[in-house]
Structures are given as C-alpha cells and as structure tokens.
Amino acid sequence: MATAVLDLDLINLPSEITGLTAYLKAFILIRFKGKPIGKITVPINNGSIRVEQIYPVIISEVEPILKKVWIKDFLGWDERDKIDFTYPKATIAICTRDRPEDLRRCLDALMQLPDDGQEILVIDNCSSTDESKKLVESYGSIRYIYENRPGLNNARNRALEEARNEIVAFTDDDAIPDPSWLRALLRNFNSPLVMCVTGMTMPYELETEAQEAFERYSPFGKGFYRKEYSLNTWHPLNTGKIGAGANMAFRKEVQNAVGLFDEALDAGTPTESGGDHEYFARLLLSGYTIVYEPDALSWHRHRRTWKETKKAIRGYGIGVYAFWMRLLIVEKQLGIPKLAYTWFIRTQLPNVVQSLLRRPGSQPLSLLVTELQGCILGPWKYLQSKRRIKRNHLYHDSY
Amino acid sequence: MILTETTISIIISTHNRVHSVKRLLDKLGSQTYAVQLIEVIVVAYGCTDNTVAMLQNYKAPFKFIFYEMSVDEPAKARNNGASLASGSLFIFIGDDVEPSEGFAEAHMLAHQNKEDAVVIGYLPLALAESPDYYQIDRQANWEERFQRMRIPGYRYSYKDFSCSNFSISSDLFKKAQGFVSGLHYRDDYEFGIRLINLGANFIFSKDAWGIHRDEITDIHRFLKRKREDGKADVRLWCMHRDMIIPPLQMSRFKKKYSFLLYKKAFLLLASLKITDTIASCLKYLMFVLEKLQLRSKWKALNYHLHRYWYLRGWLDELPDKQKMFFVPNYIMEQETPDVEFEIDLKPGILAATQKLDQLRPRSVNICYGKQIIGSIPFKPGAERINGDHLRYLLATELSESFMVSFSLENDELIVRA
C-alpha cells in the first residue's frame, strides 16, 4: 500500500492529521521555521495520525540538528550570512523533453518563488510535439528555447550560454521546488571559490511500490546538514553524495573555469546519466568548492512503475562508470580503478550478500543486479556515445 | 574619522618588480576617487633592475613622489614612504597587486565613522591558466584566510594583518610608530600585534579589493619562504612573548618535549646536512606524484615538507638543543591570565552584547542565571572581546553548554521553549 508524503513544521503542528485512509504509512518531512531538519516514517491508524503519539519519534530523529538550528535562530547568527554579501541574480533553467504535465507542475511551483528578479528559461531538448512550447508561452514571462541536439548535457550547456544572470540554477521538469529553494541556493554563493551549490530533494509522492523502492535505494536527499566539499575535505572523484542534477546551481562563469558539460554523458545519450557528477568532479579537481545546502528543498516525482525504476537504476550504474571512464581517459585520473574497486568491495558486494541472505532492510536484489549490469556497460557506453557524437559532427561537417 | 574630502596617500614599497609596479601605477590612475585627493609614494629599495629609471620618467595623473633606497629592507621603505606622505589616510599596497577601480574609495568609506580603524582589503589570488597542485592548494588556503574574516563575529588577531593591502589613519600610524626594522619577514605580524595592543579595530573590506598577481612564487620559493617564516617567528616571539604563540602547530604536541622526541626531530638535530638533502630530494618527488595524479600522497608530502622547513627555520635561530627545549616549555608553562569579567545571559543576549561592546574585556566567563556556560579565554594576539564575538562563540564552540544551561534554567525542553 502507498505511503503518504507529508510536510510538517514544528512551529505549527496540528493535533491530528486526517484523511489518510488510502495509506498505511506516512513519510513526513519535519521543518523548523521552514527549514528542513529531518524526516520520519510512521504508521497510520484508521486514516489519521495523532501528532502527540509521534512526538517522541520526531524528537529522537531531529533533536541534534534542531538544537543547532534553534540556537542560531535564537542568537540571530548564521555563518552563511557573510559581511558585505549581496544576493546574486539567478536564471532558473529547466531542461525538458516530452513531459508537459510534469513541466506544468514545475513551472507552477516556480511561480510561487518570491520575485528577486530571477529569469526562468525552459530548454526544450528535442521534444516530439509543440505541447511544451505552447505551455511555456501560456506563462508569458518565461523564455522558451529549443535545443535541437539531443542530450541533457547539451541542454545544460545551452542554458549556461543563454542565461542572462550570474547564477544558473537547474531543476528537472519532474521536480517541484519549494518557495524558498532559490534563495537558499543563492545564499551560499558567498565566496568566489563556491562555484556550485546543490540542494536537497525529497520524494513528491510515494504512491507505488516502485517509488518507495527507488526512495530507499537511491534517495536524492543527501542529509539535513549543510556540507562544503573541496579538495581539502573530500575525495574529488567520489561525487555521488554531493548532490544531483535535479537540484543544483552554478556560477555562469563555470564554463570558463572548467569547460562545458560533456555532451557524451547523461540522459539522451547511451550513458543515460552521470553528467552532473562528472562536472562536480571536474570542479573539485580544479580547486573549487561545492556546497550542499539542505534548505534548498525541491520535491521530485519518482518513476511510478517498476520498469521505469529499473531503467533509471540501470542508467545510474551506466552513468557512474561512464563518467569515471571520462575522468580516466580525458582527465587522466589514475585513482579511478581503485575507487571502482572500493565501491564494489565495500558497498555493492555486501549489499548483494545482504539481499541474498534476506536480511532486514536489505535492498531488492533485482535493483542491485540491474545496477551492476549498468556498471559493467558504463565504460563501453561512454566510448559508444563519444563515437556517436564524432560521427554526427562528421556528418554535419560534410553538409 | 572622515569624510568626503579626505586626502589619501597610497604607499608602495617595491623591489625589482618594474612591470608589476608600472601596472599598479597605471591602475591607480583610473580610480573612482577624486584624483586630486590622491598622492602616491613609491619607495624603491635595493632595486637592481630598471625600476628606478621607470619611476623617474613616470607621468602620473596624481601627485607622485618617488624615493630610492639602497638598503634592502621593506619595513624601512614603508616607514620612509609614510614620512613623505601628507594624506590623512594611508593605504599600503604591495607592488604585485592590481587594484580595482574603486579600491581607494572603498578604503576611505570603510573608515567612515569608525575610530582607530585598520581596514584590511580583499586580495584574491590570480591563478595561472592551468594551475598545478601547489597553486590550487595555495589558492584554497589564501581564500579561506579572507573568507573567515567575513563571518559575523570573527575575532581578529595579528595574523590577519598583511602589508599588501591595508589602510590606516595617519594619526594611528604615527601613534603605532610605524614598522620595526630588522624583520625581513613577519614585519606585518609585528605591526599587527602593536596595533591590537593600541586597541585598533580591524575591519575587512571586500570592496577594497585588488588582485594579487604573484607571478614568481612556486613550490621552490614557497618552501624557502617557510624556512624564513620559521626564523622570523622566533624573532617575533622574542619581541612579544606574552602576545603570541609561534604557529608551530603546538596543539599537535600534547606533551612537553614530544616534538623533539619525535624521530624526525631527532634526526634533524643529529645531522642537518642529511635531512636537508633528503628534504630537497623529496621536493622533486612531489612533481612525480603530481604527474601520476596521486593527489593525497602529494598533499601529505607537501604538509611534511612545509613543517620540516618551518622547523628548520627555528633551528637557524635557535641552533642548540637547550634553546629548542626552552621555547616550547616557556609557552606551555605560561599561566593563563585570570578571567577579567563575568557576564550573565539571562537578562537577554542584547544586554550582554552591549555590555561587552562597552567594556571590551580580554577574557570573559559566561553564565545563564546560576548555570555556567563556559568562558572566552584570553587569546594571545587577538583583539578584545565584543558582542559579536559572543554571538559567534555561543552559536559554535559554546552551543552545547549554552543549550544545556538554557534548558536547565528554564526548566523545560528547548523544543517546547
């Protein structure tokens, strides 16, 4: 049975939440004065949740972070509010392809953002119909750009090129940013070495078993603590925990600092994913800092069917090994084989063993195997993708 | 101080950097601040290139004074520059800095309505097109130094002071009696200590920026510099024993003498020629590690070589074992001065911060009603405590004990409060 997704603020807790008869469990995001501080999963009895019954669960889950948040709120002090800092202006870029319904939900959410002079840009990456174009035009203030080279990274590069503001914030078309999302991202561009800020992504719905499995297996949320990633604090090639392409922002000048996104990577190419993480690695290797900011909250609609979910997980496996392949052959990063070995021995293999032994909390074997298959294919898919691009360039050059 | 009609004296000391100083002067010609209110004084010391010829023929849009010194001593050069200056605000800038157009104006504005202010300007480091490991590493450390000064409530110390980009009123400069001679390195730290003792207020200005175009420092030069830093720190410590702790990473040496008992230190004392040769060879290993993209190994080696050459600088100044023992012992046996003041947060954070702003103690005990939270101890070489420092420390180092005291005193859970 499905899991209800709820959003509660400790400052304004209701005594009872009702109308949940269709659900057996609830996934609850806990906030304090709008700031996300934790998540819990609790059972639902007779279609309702009495908040005083779940209060101990909330406290045990959020207490450490609540203390930190409360004290800063009480003192009116925050390390992010640097002296002399002024918020930079942003361009929000949504890369989309044939998903007008998702896009509508995303654009509606972006309309709820406070007006700080941001520009909204929709990059239509080879949609087969003009539905997305008509939808964007119905909003009036949003710029529509058609990118005819297929591939998510081509769309991202186009967004960097077209953006008129200092910061380019990317969201996926199947994501729903929170009203405070953009400001929370921008607040962290307070040092010239911060070239990228990633945000936290929570599930928009958990209506199917596949969505629940996806959230357990590969959650987009990377925790409720803000983190700064740099060469001094993190292995620059291990970028999986830094964030995801569905919720990230860069300085526009990033293209001069480390080059463009690799068009051979990510959705719309044989590699299926990995473009964001490869770019994170390049930033870290060049000495820049990436900040993970949980206050920059966005909600993501996970794939609803098992077929789609398995395809996505396989794609992630391919993407990881494809971007590692790029780092190995293009950036000459000789630490990649060791990293791949460590991931397999310390994470993937134990997960498979746990799953075979049917240990509680273990991941579904089918997803683990699917990901491993993707990993094996990853390097070849990257080379295939490169060949395809080369062929296309030759084809275009000859005409 | 000041205002809109302030005359500014920009003082530059230069040594054999003709192209850099020419670039700097050209940039100073296009400031947003009224050019008739700017004078630039260049003191060329010990120059053997054609700096002097260039300066003699330089056509400046502002009042331009040039002075030549044969002695190779930057502190003396700066003092000579200051003695020739007639402005009420002095800006000192390094000869390898490329200032922004609003540089002078931002310095001037940062002084407005602030007594005894010393403004430290932002100096972003220019990177080569394809930076190597050393340059990337240096830039991260360099930037971190400035960014921490932008955190609200940061407590400045003499180590934040740099001669490459700062401004000070002529009165305060005279009161501090300028830079001391005899310290080729760390003369800025020494001046910073005396400014803090005089109660100067350090302020960081992001807008008073200039790009630091250090085109000559590489890993070889930097390691040499580390040794000089070691020497200079010992001399500095001898001058201000109560105000500084030499940055010898003392916290790593938990027990007395432990760093001297360490094998490396034993070898170092036993045979300097051998260890110097090993350290020099290891420097080249760093290039091999970089070629092989073995970054973590490179970082570890870089760290150890820096420590070695720094300690080597100590040995240059304290060449026998007894003296080497004496310095860490002296530091560890120093008694911490008594806490000067106690403050209760129960009447409110605002009242406490206002009181600290008024009294500016060197150390303070903090309590909440009957509960003791902790203390802000005396910090050698750091500025006196103010209200912003209190907020910063309560939100970071003292947060846990503050929470406990607050909840005990209010007799309820923080969450419910």
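Residues numbered from 1 in each chain as written. Chains lettered and ligands numbered in written order. Predicted model: local features only at pLDDT ≥ 70, side-chain atom pairs only at ≥ 80, totals over all residues. Heavy atoms only, no water.

A word on the packing of aromatic side chains
What characterises a pair of aromatic rings is the spacing of the ring centres plus the angle enclosed by the ring planes.
Moving on, step 1. Scanning the model with the defined rule gives 47 aromatic pairs over all chains in all.
Moving on, step 2. For the ring pair Phe-173 of chain B and Phe-179 of chain B, a centre distance of 6.0 Å and an interplane angle of 55 degrees mean the geometry is tilted.
Moving on, step 3. Grouped by ring-pair contacts, the aromatic residues Phe-90, Phe-92, Tyr-154, Tyr-156, Phe-161, Phe-166, Phe-173, Phe-179, Phe-191 and Phe-202 of chain B constitute a single cluster.
Moving on, step 4. Seen from the ring of Phe-261 of chain A, Arg-156 of chain A lies directly overhead, with NZ or CZ sitting 5.5 Å from the centre.
Moving on, step 5. Taking NZ or CZ as reference, Arg-145 of chain B lies 5.3 Å from the ring centre of Trp-142 of chain B, over its face. (Phe/Tyr/Trp six-rings, centres within 6.5 Å; stacked < 30°, edge-to-face > 60°. Lys NZ or Arg CZ within 6 Å of the ring centre and 35° of its normal.)

A closer look at the interface of chain B and chain A
Accessible area lost upon the coming together of the parts serves often as the stated size of an interface.
Moving on, step 1. On the side of chain A, 30 residues touch chain B, which itself brings 32 residues to the contact.
Moving on, step 2. For the pair chain B and chain A, the summed buried area comes to about 2,900 Å², and 65% of that belongs to carbon and sulfur atoms.
Moving on, step 3. Linking chain B with chain A are 1 salt bridge, by the criterion used here.
Moving on, step 4. Between the two partners, chain B and chain A, sit 9 residue pairs in polar contact (both at pLDDT 80 or more). (Contact = heavy atoms within 4.5 Å. Buried area = accessible area lost by both parts, 1.4 Å probe. Salt bridge = Lys/Arg side-chain N within 4 Å of Asp/Glu carboxyl O. Polar contact = N/O pair within 3.5 Å; in protein donor to acceptor, adjacent residues only side chain to side chain.)

Focus: the pattern of salt bridges
All names here are of chain A.
Moving on, step 1. The full count for this structure, using the stated rule, is 55 salt bridges over all chains.
Moving on, step 2. Residue Lys-72 pairs with Glu-79 through a salt bridge whose shortest N-O separation is 2.9 Å.
Moving on, step 3. Classification of Lys-72 as partly exposed rests on a relative accessible area of 23%.
Moving on, step 4. The residue Arg-105 makes a salt bridge to Asp-102 at a minimum N-O spacing of 2.6 Å. One end of the pair, Arg-105, and the other, Asp-102, are both in helix α2 (residues 100-110), 3 residues apart, so they sit about a helical turn from each other.
Moving on, step 5. For Asp-102, a relative accessible area of 7% translates into the label buried.
Moving on, step 6. By sharing partners, the salt bridges in this structure join Lys-35, Asp-78, Arg-80, Asp-81, Arg-187, Arg-226, Glu-228, Glu-293 and Asp-295 into a single network. (Buried < 20%, exposed > 50% of the residue type's maximum accessible area, 1.4 Å probe, protein only. Helix = DSSP H or I, 4+ residues; strand = E, 2+ residues; numbered from the N terminus.)

Looking at the UniProt feature "domain: Glycosyltransferase 2-like" (unreviewed entry) in chain B
Moving on, step 1. UniProt marks residues 9-174 of chain B with the feature "domain: Glycosyltransferase 2-like" (unreviewed entry), using the numbering shown here.
Moving on, step 2. As annotated, residues 9-174 of chain B has a helix share of 34% and a strand share of 24%, and its two end C-alpha atoms lie 14 Å apart. (UniProt positions renumbered as here; feature names shortened; annotations may be inferred.)

Section: the domain arrangement of chain A
All names here are of chain A.
Moving on, step 1. One can read the domain layout of chain A as domain 1 (3-75) and domain 2 (90-310).
Moving on, step 2. Here the C-alpha centroids of domain 1 and domain 2 sit 27 Å apart.
Moving on, step 3. Counting residues at the interface gives 16 residues for domain 1, matched by 16 residues for domain 2.
Moving on, step 4. Of the roughly 1,300 Å² buried where domain 1 meets domain 2, counting both sides, 60% is carbon and sulfur surface.
Moving on, step 5. Among the residues domain 1 hides against domain 2, the three largest losses belong to Thr-3, Val-5 and Pro-36. Together they make up 32% of the total.
Moving on, step 6. Taken together, the links from domain 1 to domain 2 amount to 2 salt bridges.
Moving on, step 7. At the junction of domain 1 and domain 2, the tally comes to 5 residue pairs in polar contact (both at pLDDT 80 or more).
Moving on, step 8. If you list the elements that add at least two residues to the side of domain 1 that touches domain 2, you get β1 (3-9), β3 (25-32), β4 (35-43) and α1 (51-75).
Moving on, step 9. Element by element, the count of residues in the side of domain 1 that touches domain 2 is highest for β4, at 5 residues.
Moving on, step 10. The residue inventory of the side of domain 1 that touches domain 2, partitioned by class, reads 8 nonpolar, 2 polar and 6 charged. (Domains from an automatic or database assignment. Nonpolar A, V, L, I, M, F, W, Y, C, P; charged D, E, K, R; others polar.)

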